[in-house]
Amino acid sequence: MNTMERVKELADERNLTLFALAQRCGVAYSTLSNTRRRGGQLTVDTIEQICIGIGITMAEFFSRKGA
């Protein structure tokens, strides 16, 4: 799974930009921006911060509706 694609999906579902998502979750915007630009993956710690910030579990992050 591409973690940045999933983060973008979650941000879009909540009508948030990546910048607004980063602020809400306490994650540096540069972390999201650089990871997306470089095609990398997020760390488990960063994913956990995002999950806490938007009120979902890690299981929900890694599951997709209809999958």
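Remember, it's a predicted structure, so these values are computed and weren't measured experimentally.

(A) Focus on the packing of aromatic side chains. As enumerated under the stated definition, the model contains 2 aromatic pairs in all. Ring geometry for F19 against Y29: centres 5.5 Å apart, planes inclined by 70 degrees, an arrangement best described as edge-to-face. Separated by 10 residues along the polypeptide, F19 in helix α2 (residues 18–25) and Y29 in helix α3 (residues 29–38) bring together distant segments of the chain. Residue Y29 is classed as partly exposed on the basis of its relative accessible area, which comes to 37%. The interplanar angle of 75 degrees and the centroid separation of 4.9 Å between the aromatic rings of F61 and F62 together place this pair among those described as edge-to-face. Using a relative accessible area of 0% as the deciding quantity, one classes F61 as buried.

(B) Representation of the environment of A28 in the model. As for its placement among the helices and strands, A28 is situated in the loop between α2 and α3. A sequence separation of 18 residues divides A28 from T46, and the C-alpha atoms of the two residues are 9.5 Å apart.

(C) Here's a closer look at the state of the cysteines. Scanning the entire structure with this criterion turns up 0 disulfides. Cysteine C25 is unpaired, with the sulfur of C51 as its nearest cysteine sulfur at 8.5 Å. Assessed through its relative accessible area of 9%, C25 is described here as buried.

(D) The nonpolar core, seen in detail. Judged by nonpolar contacts, the single largest core of 18 residues is most densely connected at V7, L21, L32, L42, I50, I54 and F61. For this core, the elements supplying multiple residues, two or more each, are α1 (3–13), α2 and α4 (44–54). If we skip the residues at most four places from it in the chain, L32 touches M4, L18, L21, A22, V27, L42 and I50.

(E) Spatial organisation of α2. Considered for burial, the residues of α2 that qualify are L18, L21, A22 and C25. The buried residues of α2 occupy an angular sector of 100 degrees when projected down its axis, which confines them to one face. Residues of α2 that are buried make contact with α1, α3 and α4.

About the thresholds
- Residues numbered from 1 in each chain as written.
- Predicted model: local features only at pLDDT ≥ 70, side-chain atom pairs only at ≥ 80, totals over all residues.
- Heavy atoms only, no water.
- Phe/Tyr/Trp six-rings, centres within 6.5 Å; stacked < 30°, edge-to-face > 60°.
- Helix = DSSP H or I, 4+ residues; strand = E, 2+ residues; numbered from the N terminus.
- Buried < 20%, exposed > 50% of the residue type's maximum accessible area, 1.4 Å probe, protein only.
- Disulfide = S-S within 2.5 Å.
- Core = buried A, V, L, I, M, F, W, Y, C linked by side-chain atoms within 4.5 Å.
- Contact = heavy atoms within 4.5 Å.
- Arc of directions from axis to C-beta.

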